[in-house]
Amino acid sequence: MIDPITIGYPSNPKPVNPTAEKAKPSTMKMDRISLLPDSILCDILSYLPTKEAVSTGILSRRWRHVWKDLQVLDIEDRPFWSCRGYRFDSYVNAILSQRSANYPIKKFRLTSYNSSEDLILTWLDAVIGPHFQELYLFIGLTRRIKLPESIFTCVSLKSLVLKRYSHLNYYPEFPNVYLPSLKNLELDIVSVDPSKLLSGCPVLEVLKLILQNTTQEGFHVYVPTIQMPRTLKSLTFEDYTSLMEEINVREIYTPFLEYLHMRTVASANSELQVSVINFPNMVEAHLDLRHESVEHGAWVPKLFKALRETKLLALKYETTQCLFSAPAFEFPEFHRLLNLELDVPCFNTNFLLNFLHNCHVLEALVICIWKRAYAHPVEYNGPRPPSMVPNCLTSHLRSFEFRGYQDSTDEREFIAYILQRGLVLKTVTIHLKSDFDLETKYIIVKGLSAIPRGSPICQLNFIDHNHG
Amino acid sequence: MTQLDRLSVYHWLNAWCIKPVGGALVRQEPEYILLALMGSPLKKIMLCSSEKEIFSVEEQVMVQHSVIINNMIEDGSYNHEESKIPLDCVDSKTLKKVIDYCTHHTHHHNDNQEDLEAWDAQFLNVDSNGLYDLLMAANYLEIRNLLDLIYGTIKNMIKGKKIDEIRRIFNIKDHGFTPEEEEQNRKEYPHFY
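Residues numbered from 1 in each chain as written. Chains lettered and ligands numbered in written order. Predicted model: local features only at pLDDT ≥ 70, side-chain atom pairs only at ≥ 80, totals over all residues. Heavy atoms only, no water.

As recorded in an unreviewed UniProt entry, chain B goes by the name SKP1-like protein 11, listed as coming from Arachis duranensis. For the record of chain B, the UniProt heading Pathway (unreviewed entry) holds the text "Protein modification; protein ubiquitination." (UniProt positions renumbered as here; feature names shortened; annotations may be inferred.)

As named in an unreviewed UniProt entry, chain A is FBD-associated F-box protein At5g56440 isoform X1, taken from Arachis duranensis.

What follows is the structure, given as C-alpha cells:
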C-alpha cells in the first residue's frame, strides 16, 4: 500500500521506514486537505479575504499556485497602513499579473483610501470583461474618479456597488449605459444625475440610491426627475437634493415592490413631488420623510395609501406629522398589516385609535413619542374614532411596546385601554425615561401593574433607561 | 413479496395511474398523474455505497439537494425498476451522513434560522477525516448547501491564523520549500509568520 503522504510531492519523495510505520500511532492524521483537487481548494479560498487566500501560496509547494485560479478578489488597503512604505499598490499589481489568465475574474471588491485614480482605473480595466459579474468599490478619494465606460456596457454584470459618496467625474450625467444582467445596484453619489444609469438597467431588482447634496465645490447638479426602474422589488432611497429652490419629481411606479426604505429631506423653498402607484406586493415599508413646508408634503398621504397591502410599516415622526396635519385625511384599510412602528410627534389618542381601527390583523405595535427640545404642538384634525373596540385588539394584538413614556393622563388611559381590551396580549413593554426620579418610576410601575389585564397570559415589562 | 418486488409493482401501478386503495384498484384523476410524475413523497430511491450497502431514501429529499441525482432522475437514466444508484466514491458511513443532512433539511426547512444552524454545527462535529469525506461526497453529488457549510468550516480553520498554525491544523508536515525559498517567503509575507 502506498503511503498517501508521498502523493502530491513528487519532487520530494519521503523514504518510508518500515519499523517507523509499525510504531505509528493509529490516530496519526494525514494531510488530506492537500489531497483535495485544486478546484475545491480554490472554492474554499474564495471565502477568504484575498490577502489571506494569497498567503496560502507559502503553506507548501502544493499550495503554491492554488490561489492563482481564484475568480473572486476581495482586497482592501487597511491592513497595509501599518507597513513601512505604501505597499498596497504593488501588492495588487502583483496579484493581477501573477494570477491565472484561464480563470477570468468574476467578482472584484476593492476598498482603497490612498491609491491613485490612474492606478485604480488600470485595475478596473484588468478585471472588467465578458465574465465579470460583481463590482464593489469603496474609494475614499477626495477627488473625482471617472470609471471606465466599459463598466456601463458590461453585459455580464449582475451587481454594481459604489459606496460612500463616490465623487464620480461625470458631470452632469453618465455616459450611455446598457446593463442587461444587472439585478443589484447601489449608488451613493454626489452631484451626478443617475437617470441614464437607471434607465439602462432593464432587469434591476434591488436598488439602493443615495443622492447626496454638497455644493462645497460649487458643483450642484439639479436632478429634476427620477424614474425608478419598473422591475424593482426592493428600493432604498435617500434623497438630500431638495435643498435649493427647485421642484424635484420622483416617480416610483414599481408594481412588484416588496421592500421600501425611503428617506427624504426637503427645505422650505424647494418642492419634492413623489408620485406612486399601488404596491400590491409590499412586505416592509420604512418611511422617514422630512420637509419644512407642510403644504409640500401633500404626496405623503398618497404614498401612505399606496402602501396599504404592506405587512410591516414603520413611520418616523415627521412622516406621522404629515398625516396629523393632512386635510381630510382618511386611513386606508391595512388588510395585511402585522407590524406597526409609529413615531408620533405628540401623543394623540384619537389618531392612534383611528389607526388601530384600520389594522384588522395587527399583531405587534410599537409607539414612540418623540422627545424634542423645542416641541411645537401638532393638532390632529381627524374625526373621532368609533366607540367599539378595534378588532385587532380583541383577537390579534400580541405585543405592545411604548417608548418615550411621559406619564401623561392620555398615555396612562391608552395603556389601560390596551391592557384591558387586549384579550390575546402576550407582552407589554414600557420604556421609562431616564429623567424620571426613582420614586416617580416606582409610582408609575406600581400604577400600571395594578391595571386589570384582559389577557391571562399578558406579561408587563418595564425598561429603565438610566444614564450609566 | 420482497421489498424490491413491492416497489416495482407500486411504480408500475403509479405509471398506469391505478392506485391500490383499500384492496380495490381505483383509476386516478389527472392530478394524481401529475403528482406521480413530480415525485410523490412516498417514492423512494436506492443509493448504493462503495461498500455495496444499499440505502433507501425519499426521492424528493435527494432530488431537492443533489444536482447529480436530480439530473439522473430527470433525464430518465435512473430506472426505478433497476432501482439503485451506485455511488462508488462514497463509503457507507459518509453516505449515511449525507442522507441525514438532506433529509433533515427537507423536513425542517421551515424551522427558524438558529435551530437550523445549531443542527448544522452539531452535524459537522466530526473528525477531520470525516469532514473531508463529507466534502468529497458533497462535491461529487453537487449538494450546494452542504458544500458551502463545509467550506465555511474549513475557511475558519485558515482565517486569521499564522502559517505555522495552519500547517499544524492541516498536518502539512513537509512544505517542500528550500531554505532560500522559505527565507524569500518570510520577506514577502511577514504578517503571515
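**Q** Give a detailed account of helix H5 (residues 92-107) of chain B, specifying residues and quantitative values.
**A** All names here are of chain B. Look at H5: 22 Å from first C-alpha to last across 16 residues, which is about the 22 Å you get at 1.5 Å a residue. Restricting attention to buried positions, one finds in H5 the residues Ser92, Thr94, Leu95, Val98, Ile99, Tyr101, Cys102, His104, His105 and Thr106. Summarising the contacts, the buried residues of H5 are in contact with strand S3 (44-48), strand S4 (54-58), helix H3 (59-65), helix H6 (113-123), helix H7 (128-141) and helix H8 (144-158). (Helix = DSSP H or I, 4+ residues; strand = E, 2+ residues; numbered from the N terminus. Expected span 1.5 Å × (residues − 1). Buried < 20%, exposed > 50% of the residue type's maximum accessible area, 1.4 Å probe, protein only. Contact = heavy atoms within 4.5 Å.)

**Q** Give a detailed account of the nonpolar core, specifying residues and quantitative values.
**A** One finds Phe108, Met262, Leu313, Phe355 and Phe400 of chain A together with Leu47 of chain B to be the most contacted residues of the largest nonpolar core, which totals 172 residues. The biggest single contributor to this core is H7 of chain B, with seven residues. If we skip the residues at most four places from it in the chain, Met262 of chain A touches Phe237, Ile252, Val274, His286, Leu287, Asp288, Leu289, Trp299 and Leu303 of chain A. (Core = buried A, V, L, I, M, F, W, Y, C linked by side-chain atoms within 4.5 Å.)

**Q** Please give an account of a negative patch on the surface that cites residues and values.
**A** Residue and element names in this part refer to chain B. Taken together, the side chains of Asp111, Glu114, Asp115 and Glu117 present a region of like negative charge at the surface. Considering the arrangement of structural elements, one finds Glu114 in helix H6. For Glu114, a relative accessible area of 61% translates into the label exposed. (Patch = residues over 30% accessible without salt bridge, like charges linked within 9 Å, V, L, I, M, F, W, Y side chains within 5 Å. Areas by Shrake-Rupley, 256 points an atom, 1.4 Å probe, with all protein chains shown as cover. Salt bridge = Lys/Arg side-chain N within 4 Å of Asp/Glu carboxyl O. Lys, Arg positive; Asp, Glu negative; His and termini not counted. Charge placed at Lys NZ, Arg CZ, Asp CG, Glu CD.)

**Q** With reference to specific residues and values, describe the interface of chain B and chain A.
**A** Of the residues lining the interface, 34 residues belong to chain B; the matching set on chain A comes to 31 residues. Taken over both partners, the interface formed by chain B and chain A buries close to 3,100 Å², and the fraction arising from carbon and sulfur atoms is 62%. For the pair chain B and chain A, the interface holds two salt bridges. The closest approach of N and O atoms between Arg64 of chain A and Glu181 of chain B, which form a salt bridge, is 3.7 Å. Our count for the contact surface shared by chain B and chain A stands at eight residue pairs in polar contact (both at pLDDT 80 or more). Looking at the side of chain B that touches chain A, the element that brings in the most residues is H7 of chain B, giving seven residues. (Buried area = accessible area lost by both parts, 1.4 Å probe. Polar contact = N/O pair within 3.5 Å; in protein donor to acceptor, adjacent residues only side chain to side chain.)

**Q** With reference to specific residues and values, describe the pattern of salt bridges.
**A** Residues and elements named next belong to chain A. Scanning the entire structure with this criterion turns up 19 salt bridges over all chains. A salt bridge links Asp38 to Arg62, with the nearest nitrogen and oxygen atoms 2.9 Å apart. Of this pair, Asp38 sits in helix H2 (residues 38-45) while Arg62 sits in the loop between helix H3 (50-55) and strand S1 (72-76), and the two are 24 residues apart along the sequence. Residue classification places Asp38 among the partly exposed residues on the basis of a relative accessible area of 35%. When the shortest N-O distance is used, the salt bridge between Arg250 and Asp239 registers 2.5 Å. Taken together, the residues Arg250 in strand S9 (residues 247-252) and Asp239 in strand S8 (residues 234-242) connect sequence positions eleven residues apart. Each of the two residues, Arg250 as well as Asp239, counts as buried. Where salt bridges share partners, they join Arg263, Asp288, Arg290 and Glu318 into one cluster.

**Q** Before we move on, can you summarise the layout of surface pockets with the specific residues and values?
**A** In this approach a probe as big as a water molecule rolls over the atoms, and the regions it shows empty are the leftover space. The volume enclosed by the largest pocket comes to roughly 530 Å³. Along the walls of the largest pocket sit 25 residues, with Val54, Tyr91 and Gln98 of chain A together with Glu188 and Tyr189 of chain B positioned nearest its centre. Those elements giving two or more residues to the lining of the largest pocket turn out to be H3 and helix H4 (88-98) of chain A together with helix H10 (179-188) of chain B. At five residues, the largest contribution of residues to the lining of the largest pocket is made by H4 of chain A. Residue composition of the lining of the largest pocket, grouped by class: twelve nonpolar, seven polar and six charged. Space inside the second largest pocket adds up to approximately 340 Å³. Around the second largest pocket, the lining residues are Asp38, Ser39, Cys42, Asp43, Ser46, Asp69, Leu70, Gln71, Val72, Tyr103, Lys106 and Lys107 of chain A. In terms of residue count, H2 of chain A provides more of the lining of the second largest pocket than any other element does, four residues in total. Looking at the lining of the second largest pocket residue by residue, the class counts come to four nonpolar, three polar and five charged. (1 Å grid on protein atoms, 1.4 Å probe; cavity = no way out; pocket = protein on both sides within 12 Å on 5 of 7 lines; lining within 4 Å. Points joined across faces, edges and corners; volume = space filled by probe spheres on them. Nonpolar A, V, L, I, M, F, W, Y, C, P; charged D, E, K, R; others polar.)

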